[in-house]
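Observations on the three-dimensional arrangement
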Amino acid sequence: MEPILECRDLTKKYGSKYALYNLNLSLERGQIVGLLGPNGSGKTTLIKLANSLLHPTGGQILINRTEPGIETKKVVSYLPDRNYLGRHMRVDEITAYYNTFYDNFSMERAAKMMDALDIDRRARLSSLSKGTLEKVQLILVMSREAKLYILDEPIGGVDPAARDYILQTILTNYNENATVLISTHLISDIENVLDHVVFLQEGQLVLSESVDEIRTQHGKSVDTLFREVFKC
Amino acid sequence: MPWELDNDRPIYLQLMERIQHDIISGVYKPGDKIPSVRDLALDAAVNPNTMQKALSELERSGLLYSQRTSGRFITDDEKLLKKMKMDLASEHIHQFFEQMHHLGFSDDETLEMIQDVLRREQYGTDS
């Protein structure tokens, strides 16, 4: 089957600095993929290129065989690494807004997750704690029936119990043909739910392998391998 | 509760061992239907593809069989189950002796110590 995301010699320069350099990468459908790398390795740049928030300096990035744009936004559900919602809105308002905006949004799924996490629908976003706001954003993103979910640091700000629920949410809601790309530093927390990991360093691919392959070959966890590869 | 998994060995292998263990210890009975891949994956808090791989491997070993429309079942081949149990037991015994070797005890010494411990336990319960 065609990969859901493909990079061919993908290059992005900011001024004279390369954020990504000749990156070749392809992600299969139906997988949960960890996008890992130290700070400044190009993870968020790659994610922004995939969402057409940035444009390549060279090379190509394709989603579902198409360059990122209006068409790909229909099939990509994206969680940015910062708050992007109107702070003045209430939780139920933003949910209705998403429902209007996206054809593939499921009110039912959103309601179920909000109940499970005890989120007050009448609360204004500006009144929510950082962790609760992150939960709301993730719920909105995971309530869409997408082909590719791109989650930039989805679990950084929430407590360990909510983290478990969120991982469970990701496991429950993605379907077998969808791919979830998760960028995070909390490797050991998500290692068991990943199929595949991608290591980036200074804008280049260091490794792209399945979790069990890494454990078989190296006899160690992805977390340990990461600490060795990127030792400071 | 997520299943407890080591982080230095392949996940699918550990899932296989866990399910094997559950079958041998009677959590699942011969001929029982096992939960779906998705439910098992959620229960274990692992990726469904990994669970799928573990179940396929168990199917290959004959411990599970699948019926196209109704799901996966535990084998009712008692001989196979018994063999699996014996294999697992002898694996445990080998590991134990190996650890005793590391501590510097010969097989004979180890055996003697085991008998000692058993005798003392019996004596303890008798009195």
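Residues numbered from 1 in each chain as written. Chains lettered and ligands numbered in written order. Predicted model: local features only at pLDDT ≥ 70, side-chain atom pairs only at ≥ 80, totals over all residues. Heavy atoms only, no water.

At the interface, 21 residues of chain A touch 18 residues of chain B. Carbon and sulfur atoms supply 46% of the area that chain A and chain B bury against each other, a total of about 1400 Å² over both sides. A per-residue breakdown of the area chain A buries against chain B is headed by Asn192, Asp212 and Arg215 of chain A, which together make up 40% of the total. Linking chain A with chain B are zero salt bridges. The tally of links between chain A and chain B comes to 12 residue pairs in polar contact (both at pLDDT 80 or more). (Contact = heavy atoms within 4.5 Å. Buried area = accessible area lost by both parts, 1.4 Å probe. Salt bridge = Lys/Arg side-chain N within 4 Å of Asp/Glu carboxyl O. Polar contact = N/O pair within 3.5 Å; in protein donor to acceptor, adjacent residues only side chain to side chain.)

A word on the packing of aromatic side chains. Counted under the stated rule, the structure contains 10 aromatic pairs over all chains. Here the aromatic rings of Phe101 of chain A and Tyr102 of chain A are separated by 5.1 Å at their centres, their planes lie at 70°, and the arrangement is edge-to-face. The class for Phe101 of chain A is exposed, based on a relative accessible area of 57%. Assessed through its relative accessible area of 23%, Tyr102 of chain A is described here as partly exposed. For the pair Phe96 of chain B and Phe97 of chain B, a centre-to-centre distance of 5.8 Å together with 70° between the ring planes defines the contact as edge-to-face. An aromatic cluster is built from Tyr97, Tyr98, Phe101, Tyr102 and Phe105 of chain A, whose rings are joined through pairwise contacts. The aromatic ring of Tyr102 of chain A is capped on one face by Arg144 of chain A, whose charged end is 3.6 Å from the ring centroid. The ring of Trp3 of chain B has Arg18 of chain B lying over it, and the distance from NZ or CZ to the ring centre is 4.4 Å. (Phe/Tyr/Trp six-rings, centres within 6.5 Å; stacked < 30°, edge-to-face > 60°. Buried < 20%, exposed > 50% of the residue type's maximum accessible area, 1.4 Å probe, protein only. Lys NZ or Arg CZ within 6 Å of the ring centre and 35° of its normal.)

For helix α8 (residues 211-218) of chain A, the set of buried residues is Val211, Asp212, Ile214 and Arg215 of chain A. All buried residues of α8 of chain A lie within an arc of 160° about the axis, which places them on one face of the element. For α8 of chain A, the exposed residues set more than 90 degrees away from the buried face come down to Thr216 and Gln217 of chain A. Close packing links the buried residues of α8 of chain A with β8 (196-201), β9 (204-210) and α9 (222-229) of chain A together with α1 (11-24) and α3 (48-60) of chain B. Residue Gly219 of chain A follows α8 of chain A closely and has a positive phi angle near 65°. (Helix = DSSP H or I, 4+ residues; strand = E, 2+ residues; numbered from the N terminus. Arc of directions from axis to C-beta.)

All names here are of chain A. Here six strands make up an open sheet; going across it, the order is β5-β6-β7-β3-β8-β9 and the pairing mixed. Single-partner strands in this sheet number two, and they are β5 (76-79) and β9. Neighbouring strand axes in the sheet, compared pairwise and without regard to direction, differ in orientation by 15° on average. Sheet topology note: the strand β3 (residues 32-36)/β8 ladder contains four bridges and is parallel. Across the sheet, residue Leu36 finds its bridge partner in β8, namely Phe199. The strands touched by α8 are β8 and β9; relative to β9, the strand with the most contacts, the crossing angle is about 90°. (Pairing = 2+ DSSP bridges. Axes fitted to C-alpha atoms, helices over the stretch in contact; angles between N-to-C directions.)

Turning next to the environment of Glu57 of chain B. Residues and elements named next belong to chain B. Looking at the secondary structure, you find Glu57 in helix α3. Overall, the relative accessible area of 24% leaves Glu57 in the partly exposed class. Measuring from C-alpha to C-alpha, the distance between Glu57 and Asp76 comes to 18 Å, with 19 residues separating the pair along the chain. When near neighbours in sequence (up to four residues on either side) are disregarded, Glu57 contacts Tyr12 and Met16.

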